[in-house]
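Close look at the chain arrangement
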Amino acid sequence: MLRILDARTGESVAAAPARRGLTRIEAHASRLDPTALRVLLTADVLVRALELGGTPVWTTLIAPGGHARFRAAASALAIHPFEDGDDTASGPGEAQLIRVREAGTGDPSGEARVTAEAQVSAEAATAQQGTQQGTGAAAAPVVAVAPVVWTDPEPTFTFLLADPTALRLALLSVPRAEPARLDGARLDRGAEELAHWRRAVAEWARTPSRPVPEEVRTRLRTAWDDDLDLPAVLAVLRDVAAAPDLPDGARFETYAYADRLLALDLSRDIGSLA
């Protein structure tokens, strides 16, 4: 079962105690910037993980005006579409709510600090508001997302989204509780790794299929069920690619299975090799 760290309490909780209950993922963004994209991406991966476990999910966005810009950026990153959360009280038969929002503050030098105290403080107002709306909202766990810090000059969105999957990989490669320190070189390395993986997947697809080894499947599920530990998921893929005795058909099925969560379009080059 997927468990997440609730930023209100610092405790690990079940993301969906009622596995088949409709769960609303409520993403909060105060402005459209790289950190907001990381918040939306975290919500998207949470949706995918819950759906892989059989939980129906409904996603909403709480953000200032200009939702069309948020949606366009989210679509480029292969993020699930969001409904306007401002116009929605609750979904039909909704049983559970999870909020995803930015955590932490920036110091004068621009470096980000993320501490348990800051996270709890940031959620105090939300919890108080939830108490006024009902016990369900007050009890909703909060997934806190550390900010994105650019070591280069602040990039334009045209630059950021020139290769959306490279940006997606770069963000997924950093633990969610840590600031994601990115620059153009980091995106370039992500694009190179994706190109390598896609060529490999296209090659493996030409061999007889083999099931995902049970040990590998367990490692993948253990990683993403543990508070969405996506760097650990990516580490499993790298181990699978390097394993000397694993059939290529099993490598292919492993990457296809993991990509249902990662959404990195790893099978894009299938059929394109000479």
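Presented here is an overview of the structure given in this document.

Calculation rules
Once a new chain begins, its residue numbering starts again from 1 and follows that chain's sequence as written. Confidence filtering applies because this is a predicted model: local features only for residues at pLDDT of at least 70, side-chain atom pairs given and counted only at 80 or more, and all residues used for totals across whole chains, interfaces and linings. Excluding hydrogens and water, the side-chain figures rest on all heavy atoms present in the structure. When DSSP finds two or more bridges between a pair of strands, those strands are recorded as paired. Numbering goes from the N terminus for both helices and strands, where a helix is a DSSP run of H or I of at least four residues and a strand is a run of E of at least two. The contact rule is simple, with two residues in contact once any of their heavy atoms fall within 4.5 Å. A pairing counts as a salt bridge when a side-chain nitrogen of Lys or Arg comes within 4 Å of a carboxyl oxygen of Asp or Glu. Think of it in three bands: with a 1.4 Å probe and only protein chains considered, a residue is buried below 20% of the maximum accessible area for its type, exposed above 50%, and partly exposed in between. With a 1 Å grid spanning the protein atoms alone, the term cavity applies to any set of points in which a 1.4 Å probe fits but cannot get out, the term pocket to an open set with protein on both sides within 12 Å along at least five of seven lines, and the term lining residue to any residue with an atom within 4 Å of a point. Grid points are joined across faces, edges and corners, and a volume is the space filled by probe spheres set on the points. When residues are sorted by character, Ala, Val, Leu, Ile, Met, Phe, Trp, Tyr, Cys and Pro go into the nonpolar class, Asp, Glu, Lys and Arg into the charged class, and all the rest, Gly among them, into the polar class. Buried residues of nine kinds, namely Ala, Val, Leu, Ile, Met, Phe, Trp, Tyr and Cys, make up a nonpolar core once their side-chain atoms join them within 4.5 Å. Expected helix span is computed as 1.5 Å times (number of residues minus one). Classification of ring pairs rests on two measures: the distance between centres of Phe, Tyr or Trp rings, Trp counted by its six-membered ring, which must be within 6.5 Å, and the angle between planes, read as stacked under 30 degrees, edge-to-face over 60 and tilted in between.

1. Side note on the pairing of strand β1 (residues 3-6)
Across a regular strand the side chains alternate sides, sitting on one face of the sheet and then on the other. Alignment of β1 against strand β2 (residues 11-14), held across four bridges, turns out to be antiparallel. If you follow I4 over to β2, its bridge partner there is V13. What sits between the antiparallel neighbours β1 and β2 is a turn of four residues, in which G10 has the positive phi angle 75°.

2. Considerations on the environment of D229
Considering the arrangement of structural elements, one finds D229 in the loop between α8 (214-225) and α9 (230-242). Separated by 53 residues in sequence, D229 and R176 place their C-alpha atoms 8.1 Å apart. Once residues within four sequence positions are removed from consideration, D229 is found in contact with A223 and W224.

3. Some thoughts on the pattern of salt bridges
Enumeration according to the criterion identifies 14 salt bridges in this entry. Notably, a salt bridge pairs D239 with R219, separated by 3.0 Å at the nearest N-O pair. Taken as a pair, D239 in helix α9 and R219 in helix α8 lie far apart in primary sequence, 20 residues in all. You can call R219 partly exposed: its relative accessible area is 37%. Here the residues in one salt-bridge network are R24, E26 and R99, joined through shared partners.

4. Concerning empty space enclosed by the protein
Counted according to the given criterion, the structure contains one cavity of 30 Å³ or more. Taken as a whole, the largest cavity holds about 120 Å³ of empty space. Around the largest cavity sit R38, L41, T42, V45, L171, L172, V174, P175, R176, L228, L230 and P231, which together line it. Those elements that provide at least two residues to the lining of the largest cavity are α1 (34-52), α6 (164-172) and α9. In terms of residue count, α1 provides more of the lining of the largest cavity than any other element does, four residues in total. Taken together, the residues of the lining of the largest cavity sort by class into nine nonpolar, one polar and two charged.

5. Focus on the nonpolar core
In terms of nonpolar packing, the biggest core is built from 73 residues, with I25, L46, L50, L167, L262 and L264 touching the most fellow members. The residues contacting I25, other than those within four sequence positions of it, are A43, L46, V47, L50, V57, W58, T59, T60, I98 and V100.

6. With respect to α1
Over its 19 residues, α1 runs 27 Å from end to end, which matches the ideal 27 Å to within 8%, given 1.5 Å per residue. Of all 19 residues in α1, 17 are buried, a share of seventy percent or more. Just downstream of α1, G54 is the residue with a positive phi angle, here 90°.

7. Remarks on unusual backbone geometry
Generally, phi is negative for residues other than glycine and the peptide bonds are trans, each holding for most cases. A positive phi angle, near 60°, is found at A78, a position not held by glycine. Note on placement: A78 falls in the loop between α2 (67-76) and β5 (83-84). Taking the relative accessible area as the measure of exposure, A78 reaches 35% and is therefore partly exposed. Backbone geometry at L228 places phi at a positive 55°, although glycine is not the residue there. One can find L228 in the loop between α8 and α9.

8. Things to note about the packing of aromatic side chains
Within this structure, the stated rule accounts for three aromatic pairs. Summarising the aromatic geometry, the rings of W197 and Y255 are spaced 5.7 Å apart at their centres and angled 85° between planes, so their arrangement reads as edge-to-face. Taken together, the positions of W197 in helix α7 (residues 184-204) and Y255 in helix α10 (residues 248-262) put the pair 58 residues apart, joining distant regions of the chain. By the burial criterion, W197 is buried, and Y255 matches it. Pairing W204 with Y255 gives two aromatic rings, centres 5.0 Å apart and planes at 70°, and the pair type is edge-to-face. Residue W204 is located in helix α7, and its partner Y255 is located in helix α10; the two are separated by 51 residues in the primary sequence.

9. As for the side chain of R176
With respect to the secondary-structure elements, R176 resides in the loop between α6 and β11 (180-182). Contact partners of R176, with chain neighbours within four places excluded, come to R38, T42, V143, A144, V145, A146, D227 and L228.

10. Focus on α8
Along an α-helix, residues three or four apart share an orientation, since each turn contains 3.6 residues. Here α8 contains 12 residues, and its C-alpha end-to-end distance of 16 Å stays within 8% of the 16 Å for a straight helix at 1.5 Å per residue. Looking only at α8, the buried set comprises V216, L220, A223, W224 and D225. Packed against the buried residues of α8 are β1, α1, α9 and α10. In the segment just after α8, D227 is the residue with positive phi, at about 60°.

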